[in-house]
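Examination of the molecular architecture
Residue strings, one per chain:
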Amino acid sequence: MSEEYADAEKWSKKLLKYNPDDKMVKAYRAAAKEKDNTAIKDQFELVQKQRETSSLWKHASGNSSKAIAGFRELLKQDQNDVNAMNGLGFMLLNGGKHAEAKPLFEKCIKLRPEHYGAMNGLARCCKDADDTDEAIRIWNECCDKMPQVSAATAGLAMTYFEQKNYKKALPFLKQLVSSDTWSNKHYEAMFAKAEAEQKAK
């Protein structure tokens, strides 16, 4: 057994310990046995990073300090890990540290220009810093590139509503209340108010 395959086998056993039914890992393990090359080991490492990032997001609401420490550790291992960068940015942003979160989102977007999660995070940082025009610009760019209902849709709806610009808020609120994922009583109430206010003009 070559050193490369031994490493791949080590990663596969570690990952299967956490999830014995992981078909992706089993497939890579079989490929490693057949091809015996370092590319397979790289795939295992990628899968493990995805697992770690996903696990840290689960702590977002209940134990943000653990999530922050975890994302920082991932970035120590790979300073260009955009998923860890985005995760840490949101943990800091949700803790009111938008100035610390902003450069993380900016670097994330530089590495992956169409990372919509980071774009939304950057827009929120701008809005928190009272740069509402820049937040609107970023959210509009998100909506242009990704027309499905998203956090950017909600950002624009909320911002225009707060500005009492009901005409601009209505299309975005309509998308939210029509969405199976995003619709809730809060957006429905906002939509009803915006519609009433617009009709009264």
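Note that the structure is a prediction, hence the values are computed from the model and not measured.

**Some words on the environment of Ala101**
- For Ala101, the position within the fold is in helix 6 (residues 98-111).
- Judged by relative accessible area, which is 0%, Ala101 ranks as buried.

**Quick look at the pattern of salt bridges**
- Inspection of the entire model under this criterion finds six salt bridges.
- The salt bridge involving Glu162 is made with Lys127; its shortest N-O contact spans 2.8 Å. Note that Glu162 is positioned in helix 9 (residues 151-162) and Lys127 in helix 7 (residues 116-128), a separation of 35 residues in sequence.
- Overall, the relative accessible area of 49% leaves Glu162 in the partly exposed class.
- Ionic pairing is found between Lys193 and Glu197, a salt bridge with its closest N-O pair at 3.3 Å. With Lys193 and Glu197 both in helix 11 (residues 185-200), this residue pair falls four residues apart, about one helical turn.

**Quick word on the packing of aromatic side chains**
- Overall, the coordinates contain three aromatic pairs when judged by the stated rule.
- With centroids separated by 5.1 Å and ring planes inclined at 70 degrees, the aromatic side chains of Phe90 and Phe105 adopt a geometry described as edge-to-face. Of this pair, Phe90 sits in helix 5 (residues 82-94) while Phe105 sits in helix 6; the two residues are 15 residues apart in sequence, bridging distant segments of the chain.
- What makes Phe90 buried here is its relative accessible area of 10%.
- On the basis of relative accessible area, Phe105 is assigned to the buried category, the value being 0%.
- Measuring from ring centre to ring centre gives 6.1 Å for Tyr160 and Phe172, while their planes differ by 25 degrees; the resulting arrangement is stacked. On the criterion of sequence distance, the pair formed by Tyr160 in helix 9 and Phe172 in helix 10 (residues 166-178) is long-range, its members being twelve residues apart.
- Judged by relative accessible area, Phe172 falls into the buried class, the value being 14%.

**Digging into helix 11**
- Under the 1.5 Å per step criterion, the end-to-end length of helix 11 is 22 Å for 16 residues, consistent within 8% with the ideal 22 Å.
- Restricting attention to buried positions, one finds in helix 11 the residues Tyr187, Met190, Phe191 and Ala194. Considered in projection along helix 11, the buried side chains sweep an arc of 100 degrees and stay on one side of the axis. Looking at helix 11, the residues exposed on the side facing more than 90 degrees away from the buried face are Lys185, Lys199 and Ala200.
- Close packing links the buried residues of helix 11 with helix 9 and helix 10.
- For helix 11, the N-terminal capping position is held by Asn184, with its side-chain oxygen 2.9 Å away from the main-chain nitrogen of His186.

**Concerning unusual backbone geometry**
- A positive phi angle, close to 65 degrees, is found at Asp130, a residue other than glycine.
- With respect to the helices, strands and loops of the structure, Asp130 is situated in the loop between helix 7 and helix 8 (132-145).
- One non-glycine residue, Lys164, lies in the positive phi region at around 60 degrees.

**Points about a negative patch on the surface**
- The grouping of Asp128, Asp130, Asp131 and Asp133 at the surface amounts to a negative patch.
- In this structure, Asp128 sits in helix 7.
- Take Asp128: its relative accessible area is 42%, and that puts it in the partly exposed class.

**Some thoughts on the packing of helix 6 against helix 7**
- Remark: helix 6 packs on helix 7, axes separated minimally by 9 Å, with the N-to-C direction vectors making an angle of 145 degrees. With respect to the hand of their crossing, helix 6 and helix 7 are arranged in left-handed fashion. From helix 6, His98, Ala101, Lys102, Phe105, Glu106, Cys108 and Ile109 reach across to helix 7, where they touch Ala118, Met119, Gly121, Leu122, Cys125, Cys126 and Asp128.
- Considering only residue class, the contact of helix 6 with helix 7 consists of nine nonpolar, two polar and three charged.

**Description of the side chain of Thr159**
- Here Thr159 lies in helix 9.
- Taking relative accessible area as the criterion, Thr159 reaches 1% and is therefore assigned buried.
- Setting aside residues no more than four positions away along its own chain, Thr159 makes contact with Lys127, Thr132, Ile136 and Trp139.

The rules we used
Per chain, residue numbering runs from 1 following the sequence as it is written. In view of the model being predicted, local features appear only for residues whose pLDDT reaches at least 70, and side-chain atom pairs are presented and counted only at 80 or more, with totals across whole chains, interfaces and linings using the full set of residues. Side-chain metrics rest on all non-hydrogen atoms present in the structure, leaving aside hydrogens and water. Secondary structure elements are taken from DSSP: a helix is a run of H or I of four residues or more, a strand is a run of E of two residues or more, and numbering for both begins at the N terminus. Each residue gets one of three labels from its accessible area relative to the maximum for its type: buried under 20%, exposed over 50%, partly exposed in between, using a 1.4 Å probe on protein chains only. Criterion for a salt bridge: a side-chain nitrogen of Lys or Arg within 4 Å of a carboxyl oxygen of Asp or Glu. Note on aromatic contacts: the rings of Phe and Tyr and the six-membered ring of Trp form a pair at centre separations within 6.5 Å, being stacked when their planes are under 30 degrees apart, edge-to-face when over 60 apart, and tilted otherwise. Here, expected helix span is obtained from the residue count minus one, scaled by 1.5 Å. The directions from the helix axis to the C-beta atoms are what the arc is built from. Two residues qualify as a contact provided that any one of their heavy atoms is within 4.5 Å of a heavy atom in the partner residue. The definition of a polar contact used here is a pair of N or O atoms within 3.5 Å, where within protein one atom must be able to donate a hydrogen and the other to accept one, and adjacent residues in sequence count solely through side-chain atom pairs. Patch membership needs two things, relative accessible area over 30% and no salt bridge, and members are linked within 9 Å if like-charged or within 5 Å if nonpolar (Val, Leu, Ile, Met, Phe, Trp, Tyr). Per-residue and other accessible areas follow the Shrake-Rupley method at a 1.4 Å probe size, with only the shown protein chains counted as cover for residues. Counting rule for charge: Lys and Arg are taken as positive, Asp and Glu as negative, and neither His nor the chain ends is counted. Charged groups are reduced to one reference atom each: NZ for lysine, CZ for arginine, CG for aspartic acid, CD for glutamic acid. Fitted lines through C-alpha atoms serve as axes, helices being fitted only where they are in contact, and the angles separating the N-to-C directions of these axes extend from 0 to 180 degrees. By convention the crossing between two helices is left-handed if the near helix lies anticlockwise of the far one by an angle smaller than a right angle, and right-handed if it lies clockwise. The nonpolar class holds Ala, Val, Leu, Ile, Met, Phe, Trp, Tyr, Cys and Pro. Asp, Glu, Lys and Arg form the charged class, and all remaining residues, Gly among them, are polar.

From the geometry alone we can't say anything about function, so treat these as descriptive.
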